[in-house]
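# Coordinate analysis (summary)
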Amino acid sequence: MTSGGKSKGVGSEPGVRVIAENRRARFDYTVDEKLEAGLSLTGSEVKSLRDGIANLSDAYALPKGDELFLLNANIGSYKAASYFDHLPTRGRKLLMHRGEIDRWTAKVRERGYSIIPLVLYFRKGRAKVELGLCRGKTHEDRRHDIKERETKREMDRAMRRR
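For clarity, every value in this text was computed on a predicted model and none was experimentally measured.

### A few points about the nonpolar core
Judged by nonpolar contacts, the single largest core of 26 residues is most densely connected at Leu-49, Leu-94, Met-96, Ile-115, Leu-120, Val-129 and Leu-131. Those elements giving two or more residues to this core turn out to be strand 1 (16–21), strand 2 (29–39), strand 5 (67–71), helix 3 (98–111), strand 8 (114–123) and strand 9 (126–136). Broken down by element, this core gets its largest block of residues, 4 residues, from strand 9. In contact with Met-96, not counting residues within four places along its chain, are Leu-35, Ala-37, Leu-68, Ile-101 and Leu-131.

Below you can see the structure in the form of structure tokens.
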């Protein structure tokens, strides 16, 4: 924990290089659980990620059979790959433990959760994605979050004045 009472994010850890972040996800969804998963990638996809060419804005994960796949994650093409290049929005297999896959798949199918990628990053040279088990926010939830944020800002301002 930091002195401010907030937990560290993925990007603040040593040996971690953030490639892409899905900022819209925290606005549209309430994140109940987080989990780190590996990605099954081709060589040109890894090269593109090292260049920082990725977008998670419309991405989500879905169970297919007994595996999870990351869909609509846009990893741009790598210019030097020419003939051996990849499709930018192809489905990519997520590498997770069997128990985690089964538990999250059950929640998605039964309780109306969605699996949304929050951050795409390299940890110790391996491409990883931080997934969130999310539930969609309603209009009232968004208003409540805005009200909480504004009251926190006012309290911080009052503390600074003293």
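### Structural notes on the packing of aromatic side chains
A full pass over the atoms with the stated rule returns 0 aromatic pairs. Arg-50 extends its terminal NZ or CZ atom over the ring of Phe-122, reaching a point 4.4 Å from the ring centre. Positioned over the ring face of Phe-69 is Lys-64, at 5.7 Å from the centre of the ring.

### Brief notes about the pairing of strand 2
Taken together, the 9 bridges between strand 2 and strand 9 define a ladder with antiparallel strand orientation. When the sheet's bridge partners are listed, Tyr-29 is paired in strand 9 with Gly-136. Of the strand pairs in this sheet, strand 2 and strand 7 (residues 92–95) are connected by 2 bridges, and their pairing is antiparallel. By the bridge assignment for strand 7, Leu-39 is matched with Leu-94.

### A closer look at the confidence of the model for the protein
Chain-level pLDDT for the protein is 85 on average; 93% of the residues reach the 70-or-more range. Here residues 1–6 is modelled with pLDDT under 50, and outside its nearest four sequence neighbours on either side it reaches 2 contacts, counting other chains as well.

### Some words on helix 2 (residues 43–50)
When helix 2 is considered as a whole, its buried residues turn out to be Ser-44, Glu-45, Ser-48 and Leu-49. For helix 2, the buried positions fall inside an angular range of 140 degrees around the axis, keeping them on one side. At the exit of helix 2 stands Gly-52, carrying a positive phi of roughly 85 degrees.

### Points about the environment of Asp-85
Along the chain, the position of Asp-85 falls in the loop between strand 6 (74–75) and strand 7. Exposure remark for Asp-85: the relative accessible area of 29% places this residue in the partly exposed category. Considered as a pair, Asp-85 and Asn-22 are 63 residues apart in the sequence and their alpha carbons are 25 Å apart. Beyond its immediate stretch of four places on either side in the chain, Asp-85 contacts Ser-44, Ser-77 and Tyr-78.

Conventions and cut-offs
- Residues numbered from 1 in each chain as written.
- Predicted model: local features only at pLDDT ≥ 70, side-chain atom pairs only at ≥ 80, totals over all residues.
- Heavy atoms only, no water.
- Core = buried A, V, L, I, M, F, W, Y, C linked by side-chain atoms within 4.5 Å.
- Buried < 20%, exposed > 50% of the residue type's maximum accessible area, 1.4 Å probe, protein only.
- Helix = DSSP H or I, 4+ residues; strand = E, 2+ residues; numbered from the N terminus.
- Contact = heavy atoms within 4.5 Å.
- Phe/Tyr/Trp six-rings, centres within 6.5 Å; stacked < 30°, edge-to-face > 60°.
- Lys NZ or Arg CZ within 6 Å of the ring centre and 35° of its normal.
- Pairing = 2+ DSSP bridges.
- pLDDT = per-residue confidence, 0-100.
- Arc of directions from axis to C-beta.

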